[in-house]
Amino acid sequence: MRLRRALVLLALLAASCGGGWHAKNIRGLVPSLELGLASVQRPEVHAADFRGHVVLLFFGYTHCPDVCPTTLAKLQQALGDMGEAGRGVRVLFVTVDPARDSVELLQRYASAFGPQFIGLRADDARLQELCKRYRVTYSRDKPDAHGDYAVTHSSAVFAFDGEGRARLLFLPSSTAGDIAADLRRLAGES
Amino acid sequence: MASWIAFLLPWEFSPLLWALLAGAGFAYARGRRAGAGGAGRARPTAFYAGLALVYFAMQTRFDYLSQHMFYIHRLQHLLLHHAAPFLIALSRPQEAIARGLPQRLRERYLAPAWRSPAVRCAYRLLQNWLVAPVLFVGLIALWLDPQIHFYAMLSAPLYLVMNWSMLLDGLLFWVLMLDPRSRREGALIGLGPRIGLLLVATLPQIAIGAHIALSPSDLFNVYGICGRAWDIPPLEDQQLGGLITWIPAAMMHVVGALVVIGNWMRADARAARAA
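For every chain, the first residue of the written sequence is number 1, and numbering continues from 1 along that sequence. In the order they appear in the text, chains get letters beginning with A and ligands get numbers beginning with 1. With pLDDT at 70 or above as the cut-off, local features in this predicted model cover only qualifying residues; side-chain atom pairs require 80 or more to be listed or tallied, and sums for whole chains, interfaces and linings still use all residues.

**As for the overall build of chain A**
Within chain A one finds five helices and eight strands. Ordered by position from N to C terminus, the α and β elements of chain A give α-β-β-α-β-α-β-α-β-β-β-β-α. For chain A, whose C-alpha radius of gyration is 17 Å, the value lies close to the compact-globule estimate of 16 Å for 190 residues. The dimensions of chain A, computed from C-alpha atoms along their principal axes, are 50 × 40 × 30 Å. Contacts here follow a simple rule: the backbone-placed C-beta atoms of the two residues must lie within 7 Å. Relative to all contacts within chain A whose residues are 6 or more apart in sequence, the contacts with residues 24 or more apart total 69%. Numbering of helices and strands runs from the N terminus; a helix is a DSSP stretch of H or I covering at least four residues, while a strand is a stretch of E covering at least two. To get the radius of gyration, use the C-alpha atoms; to get the globule rule, take the number of residues to the power 0.38 and multiply by 2.2 Å.

**Brief notes about the overall build of chain B**
Along chain B, the regular secondary structure elements total 15 helices and zero strands. Taking the principal axes of its C-alpha atoms as reference, chain B extends roughly 60 × 45 × 35 Å. Put simply, a residue is buried when 20 or more other C-beta atoms lie within 10 Å of its own C-beta and exposed when 12 or fewer do; between those, it is partly exposed, and each C-beta is set from the backbone. In chain B, which comprises 275 residues, the share counted as buried stands at 38%. For chain B, contacts bridging at least 24 residues in sequence account for 80% of all contacts bridging at least 6.

**Observations regarding the pairing of strand 7 (residues 157-160) of chain A**
All names here are of chain A. Of the two faces of strand 7, the one lined by Val157 and Ala159 and the one lined by Phe158 and Phe160 are each fully buried. Any two strands are treated as partners once DSSP identifies two or more bridges connecting them. As judged from the four bridges shared by strand 2 (residues 55-60) and strand 7, these two strands associate in the antiparallel manner. What sits directly across from leucine 57, in strand 7, is phenylalanine 158. Two elements, strand 7 and strand 8 (residues 166-170), share four bridges in a ladder whose sense is antiparallel. Bridged to phenylalanine 160 within strand 8 is alanine 166. Following strand 7, the chain reverses through five residues before pairing antiparallel with strand 8; glycine 164 in that reversal takes a positive phi of roughly 85°.

**Here's the deal with the interface of chain B and chain A**
Every contact between the two is made by 18 residues of chain B and, on the other side, 19 residues of chain A. With four residues, the single largest contributor to the side of chain B that touches chain A is helix 11 (residues 156-177) of chain B. Per-class residue counts for the side of chain B that touches chain A are eleven nonpolar, five polar and two charged. Asp, Glu, Lys and Arg are counted as charged, while Ala, Val, Leu, Ile, Met, Phe, Trp, Tyr, Cys and Pro are counted as nonpolar; the rest, among them Gly, fall into the polar class.

**Some details on the sheet that holds strand 7 of chain A**
All names here are of chain A. The mixed open sheet is built from six strands, whose spatial order is 1-8-7-2-3-4. The open sheet has two free edges, formed respectively by strand 1 (24-25) and strand 4 (117-120), since each of these has just one partner strand. In this sheet, strand 8 lies alongside strand 1 in antiparallel orientation, the contact comprising two bridges. Paired with lysine 24 across the bridge in strand 8 is leucine 169.

**Focus: helix 13 (residues 202-214) of chain B**
In this scheme, a helix's expected span is set at 1.5 Å multiplied by one less than its residue total. An ideal rise of 1.5 Å per residue puts 18 Å on 13 residues; helix 13 of chain B measures up with 18 Å between its terminal C-alpha atoms. The secondary structure elements touched by the buried residues of helix 13 of chain B are helix 9 (131-143), helix 12 (191-200) and helix 15 (234-274) of chain B.

**What to know about the confidence of the model for chain A**
Considering every residue of chain A, the mean pLDDT works out to 90; 90% of them sit at 70 or more. For every residue, the pLDDT score states the predictor's confidence, bounded by 0 at the bottom and 100 at the top. When the elements of chain A are averaged for pLDDT, helix 1 (residues 2-17) of chain A gives the smallest value, 61, and strand 7 of chain A the largest, 97.

**Re the confidence of the model for chain B**
All names here are of chain B. Averaged over all residues, the pLDDT of chain B equals 95, while 100% of them reach at least 70. Within chain B, the lowest mean pLDDT, 88, falls on helix 1 (residues 3-8), and the highest, 98, falls on helix 5 (residues 70-90). With pTM at 0.91, the complex prediction returns an ipTM value of 0.85.

**Brief notes about the nonpolar core**
The biggest cluster of nonpolar side chains holds 114 residues, and the ones touching the most others in it are Leu56(A), Val91(A), Leu92(A), Phe93(A), Phe158(A), Ala159(A) and Leu183(A). Setting aside chain neighbours within four positions, we find Ala159(A) in contact with Ala23(A), Val54(A), Leu56(A), Arg167(A), Leu168(A), Phe170(A), Leu183(A) and Leu186(A). Buried Ala, Val, Leu, Ile, Met, Phe, Trp, Tyr and Cys residues form a nonpolar core when they are connected through C-beta atoms within 7 Å.

**What to know about unusual backbone geometry**
Positioned with a positive phi, Arg135(A) is a non-glycine residue whose angle comes to about 55°. Tracing the chain through its elements places Arg135(A) in the loop between helix 4 (124-134) and strand 5 (138-140). A positive phi angle is found at Arg92(B), which is not glycine, with a value near 40°. Following the sequence through the fold, Arg92(B) ends up in the loop between helix 5 and helix 6 (94-100).

**Some details on helix 3 (residues 42-59) of chain B**
Residues and elements named next belong to chain B. Helix length check: helix 3, at 18 residues, gives a terminal C-alpha distance of 25 Å against a target of 26 Å (1.5 Å per residue), a fit within 8%. Taken together, the buried positions of helix 3 are occupied by Phe47, Gly50, Leu51, Val54, Tyr55, Ala57 and Met58. The inward-facing, buried residues of helix 3 abut helix 2 (15-33), helix 4 (61-68), helix 5 and helix 11.

Structure representation (structure tokens):
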């Protein structure tokens with residue numbers, strides 16, 4: 001069983017090296033979209049709510065000095081480049097700092113990048129489950145004298161297709177142009 | 001709950017590993033009570049320490065840390081591929097485990113399967129004097145290929161394949177190397193050639209470890225992308241990981257060669273007595 005699974009995976013791996021995507025092809029390697037997080041509008045947001053939309057999933061926090069704003073700005077630019085197709089994409093910004101990020105604060109922050117950006121929050125236990133599912137992690141540094149602290153977190157952007165299947169992984173090195181091209185192709189599939 | 005208990009609980013529970021560890025542990029104890037496995041405490045201590053290391057490496061929070069820190073991942077593979085199988089092979093538990101298994105299971109299924117030509121043939125091939133060390137070093141190189149490493153850290157099933165392949169190959173390799181018998185007594189490879197193989201197999205590991213430790217660029221960006229378990233500069237993480245691949249791994253081979261030299265002297269003494 002395990003062996004057969006491994007062979008299937010290796011075949012997928014071989015296949016995923018091609019495909020002509022700019023991003024890393026993660027089809028079959030990463031589990032499908034699953035949420036169960038709170039947004040400013042609803043206490044529980046689920047993957048089914050985004051059926052038919054290409055979804056981008058990113059873990060970050062509003063006090064983040066570098067990775068989050070640059071990544072979100074890049075996604076904003078990519079969605080803008082896509083024109084009409086970019087309007088159908090949903091960007092889910094999941095906080096790794098639920099202690100400081102309320103859903104209201106999160107949504108204000110996310111909305112600044114565009115109407116497609118949605119801030120999501122869960123308590124630590126649920127957040128850990130979700131991180132485990134996508135094999136990412138985060139760790140909070142010790143607070144300084146003002147109570148401020150940084151959070152080390154994932155810089156990956158996971159892309160899911162309209163069926164909720166994990167498809168692509170954008171890295172910090174991905175450019176807005178590459179992201180736009182890949183997302184246009186992904187949106188065109190469904 | 002005390003934090004050390006939380007640390008020891010499975011991060012990703014594996015029923016298969018639990019069943020194998022518990023099954024091997026019980027069968028070994030039962031076999032020893034029936035008189036197999038030799039006298040003294042050294043061998044059972046080595047055996048159970050080996051099992052405990054496997055559990056520690058694959059089932060505790062250490063496994064979580066291994067997924068998110070490169071050098072902890074290298075420590076995990078040092079345990080799974082070198083240290084734990086080394087201890088298990090050193091204890092030579094095969095006879096005691098076989099004796100301790102339920103009779104029906106042993107006689108109906110395991111013994112016939114073990115004697116079947118296909119299994120014999122596959123085992124002989126894997127334990128060939130050239131195939132075994134090439135496989136041992138090849139697996140290290142394979143999983144440290146940056147592309148493959150990236151996917152292994154991202155995909156839970158592939159990650160399991162990686163860790164199980166290291167453990168199983170480690171067991172095969174060290175059981176082959178630490179077999180106390182000489183070629184004439186039935187070992188697959190002579191004691192002298194094994195010393196050479198053990199020492200030669202360190203060279204590619206030193207090369208891989210040194211290449212990683214001395215690389216000026218971040219070869220394994222998956223840790224930065226998925227987030228590290230704590231804040232540490234990527235190159236520092238990588239240098240530590242490279243050193244672990246390089247030095248303790250090579251040292252294990254030297255210790256292994258010393259054990260083989262000891263076995264060789266005892267085998268010579270046995271041969272002299274028999275003559």
